[in-house]
Amino acid sequence: RNVTWIGLAANLVLAAFKFAAGYWGRSQAMIADAVHSLTDTVTDIAVIVGSHFWARPPDQGHPYGHRRLETLITVCIGAMLAAAGVSIGWDALTNLKQDGANNPGWIAAAAAALSIVCKEILYRWTARTGRRLKSPALVANAWHHRTDAISSIPVLVAVAGAILFPEWSFLDRVGAVVVSLFILQAAIGIAWPGLRELVDSGAPEAIQKDIARVAGDKDGVLQVHDIRTRYIGASIQVDLHIVVDGSISVREGHSIADEVERRLITDLPDIIDVVIHVDPPESAK
């Protein structure tokens, strides 16, 4: 939340500065970039508000916690990014042949350069924090910072080109189309993992093999089967069956299962919950 609050404040200041620079610098491209910057404030607010809910501990109504709210917000951020990319690309294509009305001033170019630097710094800081906290929503919001930085690049090129070569104003629209494709690619990369989680897709085969290996290495485990996984936020919940000697006591079988659970959570840090069913050899599949 602290990182996102700072990002929100920076977005508001940058958007205001871009509007002023676009107005005083007579740059329609810069004013459009300011509007795009305002979309970042929406995702910042979504993360700030959402984090109050998904950080809550499990309760009776939500025994697995509230992390799916983070997934839902991540998908929404991806959708908003996609909408911004489509809007930018469509506007650029429809205005591709439009001539520039006024030559912009250098204040507009300076605003674009400042935006690129500030937004890239915000991206790196937010993304690093999101990866450390294993927060997909925070990483998704970081990408929104980067797409804002990327969208300012053609603005900088177009404004500088229009100042130096007024007849090249069409570069603004060409660059915007290219930027819209990058934004759409980022949007798909952000939203797709969340969509897979919402339909309870399992962990990759490599992780399932690691689960079978760690569980099978415990003394007393004869076989591991029926491994099922699903994501809760960035973490994994595991259900599995282990086969133990049918002649041991319930207490011994329970102790083996407890140790398997401990090893899985310790050795595979993405795993946060394990449910183990203990089978005798004659029940094994």
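All values reported here derive from a predicted model rather than from experimental measurement.

Definitions and limits used
- Along each chain, residue indices are assigned from 1 in the same order as the chain's sequence is written.
- Predicted model: local features are reported for residues with pLDDT of at least 70 only, side-chain atom pairs are reported and counted for 80 or more only, and whole-chain, interface and lining totals are derived from all residues.
- Note that water and hydrogens are dropped before the side-chain values are worked out from all heavy atoms of the structure.
- Only runs of H or I of at least four residues qualify as helices and only runs of E of at least two qualify as strands under DSSP, and these elements are numbered from the N terminus.
- Summary of the burial criterion: residues with accessible area below 20% of their type's maximum are buried, those above 50% are exposed, and those between are partly exposed, where the area comes from a 1.4 Å probe applied to protein chains only.
- The contact criterion used throughout is that any non-hydrogen atoms of two residues lie within 4.5 Å.
- Surface exposure here means Shrake-Rupley accessible area, sampled with a 1.4 Å probe, where a residue is shielded only by the protein chains that are shown.
- An axis is simply a line fitted to the C-alpha atoms; with a helix, the fit covers only the stretch in contact. Between two such axes, the angle follows the N-to-C directions and lies from 0 to 180 degrees.
- With respect to orientation, any angle under 35 degrees is reported as roughly parallel, any angle over 145 as roughly antiparallel, any angle of 65 to 115 as roughly perpendicular, and every other angle as oblique.
- Helix crossings fall into two classes, left-handed where the near helix is turned counterclockwise from the far one by less than a right angle and right-handed where it is turned clockwise.
- Nonpolar residues are Ala, Val, Leu, Ile, Met, Phe, Trp, Tyr, Cys and Pro. Charged residues are Asp, Glu, Lys and Arg, and all others, Gly as well, are polar.
- Charged-residue counts in this description rest on Lys and Arg as positive and Asp and Glu as negative, His and the chain ends being excluded.
- Whenever Lys or Arg places a side-chain nitrogen within 4 Å of a carboxyl oxygen from Asp or Glu, that contact is recorded as a salt bridge.
- By nonpolar core we mean a set of buried residues, namely Ala, Val, Leu, Ile, Met, Phe, Trp, Tyr and Cys, connected to one another through side-chain atoms within 4.5 Å.
- In summary, the pairing rule links any two rings of Phe, Tyr or Trp, Trp by its six-membered ring, whose centres are within 6.5 Å, and it sorts them by plane angle into stacked for under 30 degrees, edge-to-face for over 60 and tilted for everything else.
- Charge-over-ring placement is defined geometrically: NZ (Lys) or CZ (Arg) within 6 Å of the ring centre, and within 35 degrees of the ring normal.
- Each pair of strands is called paired provided DSSP finds at least two bridges between the two strands.
- Each patch is built from residues lacking any salt bridge and having more than 30% relative accessible area; the joining distance is 9 Å for like charges and 5 Å for nonpolar side chains (Val, Leu, Ile, Met, Phe, Trp, Tyr).

Colleague: Lay out the overall build of the chain with the relevant residues and their values.
Modeller: The helix and strand tally for the chain stands at 8 helices and 3 strands. Along the chain, helices and strands appear, N-terminal first, in the series α-α-α-α-α-α-α-β-β-α-β. Within the chain, the proportion of its 285 residues that are buried is 42%. Pairs at least 24 residues apart make up 73% of the contacts formed inside the chain by residues separated by at least 6 positions. By element, 63% of the accessible surface of the chain is carried by carbon and sulfur atoms, the whole surface being about 15000 Å².

Colleague: Just give me the short version of the environment of Thr41, but keep the residues and values in it.
Modeller: Within the secondary structure layout, Thr41 lies in helix α2 (residues 28-54). For the pair formed by Thr41 and Gly7, sequence separation is 34 residues and the distance between their alpha carbons is 8.2 Å. In this structure, Thr41 is in contact with Leu8, Asn11 and Leu12, ignoring residues within four places of it in sequence.

Colleague: Lay out the packing of helix α3 (residues 68-94) against helix α5 (residues 136-164) with the relevant residues and their values.
Modeller: Packing of α3 against α5 brings their axes to within 8 Å, and their N-to-C directions diverge by 15 degrees. Here α5 runs roughly parallel to α3, going by the angle between their axes. Viewed along their axes, α3 and α5 form a crossing whose handedness is left-handed. Along the contact surface, α3 presents Glu70, Thr74, Ile77 and Leu81, while α5 presents Pro136, Ala137, Ala140, Asn141, His144 and Thr147. Classifying every residue of the contact of α3 with α5 by side-chain character gives 5 nonpolar, 4 polar and 1 charged.

Colleague: Please set out the side chain of Lys218 residue by residue, giving values where relevant.
Modeller: Checked against the element boundaries, Lys218 lands in the loop between α7 (205-216) and β1 (223-232). One buried charged residue, Lys218, forms no salt bridge at all, with the nearest opposite charge on Asp219 at 5.6 Å. Apart from the residues within four sequence positions on either side, Lys218 is in contact with Ile256, Glu259, Val260 and Arg263.

Colleague: Before we move on, could you go through the nonpolar core and cite the residues and values that matter?
Modeller: Counting residues in each nonpolar core, the largest one holds 18 residues, and the members touching the most others are Ile211, Val238, Ile242, Val260, Leu264 and Ile271. Looking at this core, the elements that each hand over two or more residues are α7, β2 (235-243), α8 (250-267) and β3 (271-279). Beyond its immediate stretch of four places on either side in the chain, Leu264 contacts Ile211, Val214, Ala215, Leu240, Ile271 and Val274. Listed in part, the 10 residues of the second largest apolar core include Ile73, Leu81, Ile183 and Ala187.

Colleague: Can you lay out the packing of aromatic side chains for me, pointing to particular residues and giving the numbers?
Modeller: Enumeration over the complete set of coordinates arrives at 2 aromatic pairs. Geometrically, the ring pair formed by Tyr23 and Trp24 is edge-to-face, given 5.1 Å between the ring centres and 85 degrees between the ring planes. Trp24 shares its class with Tyr23; the two are exposed. Here the basic side chain of Arg146 rests over the ring of Trp143, its NZ or CZ set 5.6 Å away from the ring centre.

Colleague: Report on the pattern of salt bridges, specifying residues and quantitative values.
Modeller: Applying the stated criterion across every chain yields a total of 7 salt bridges. Salt-bridge contacts for Arg124 lead to Glu120; the nearest nitrogen and oxygen are separated by 3.1 Å. Here Arg124 and its partner Glu120 are both found in helix α4 (residues 106-133), 4 residues apart, which amounts to about one turn of the helix. A salt bridge links Arg228 to Asp239; the shortest N-O distance between them is 3.3 Å. Here Arg228 is found in strand β1, whereas its partner Asp239 is found in strand β2, with 11 residues between them in sequence. Salt bridges here are not isolated pairs; linked through shared partners, they connect Glu120, Arg124 and Arg146.

Colleague: An account of the sheet that holds β2 is requested, with residue identities and associated values reported.
Modeller: The strands making up a sheet associate through hydrogen bonds between their backbones, and the pairing can be parallel or antiparallel. With mixed pairing, the 3 strands of this open sheet are ordered in space as β1-β2-β3. Two strands lie at the open edges of the sheet, namely β1 and β3, each paired on one side alone. Strand-to-strand twist of the sheet, defined as the mean angle between neighbouring strand axes without regard to direction, takes the value 15 degrees. One ladder, built from 8 bridges, connects β1 with β2; its direction is antiparallel. Note that in β2 the partner of His225 across the bridge is His241. α8 contacts β2 and β3 of the sheet and is inclined by roughly 155 degrees relative to β3.

Colleague: How would you explain a nonpolar patch on the surface if you had to name every residue and give the values?
Modeller: A cluster of nonpolar side chains, namely Ile45, Val49, Phe53, Leu69, Leu72, Ile188, Trp192, Leu195, Leu198 and Val199, defines an oily patch on the protein surface of about 930 Å² accessible area. At the level of elements, α2, α3 and α6 (171-198) are the ones that each hand at least two residues to the nonpolar patch. The exposure class assigned to Leu72 is partly exposed, which follows from its relative accessible area of 44%.

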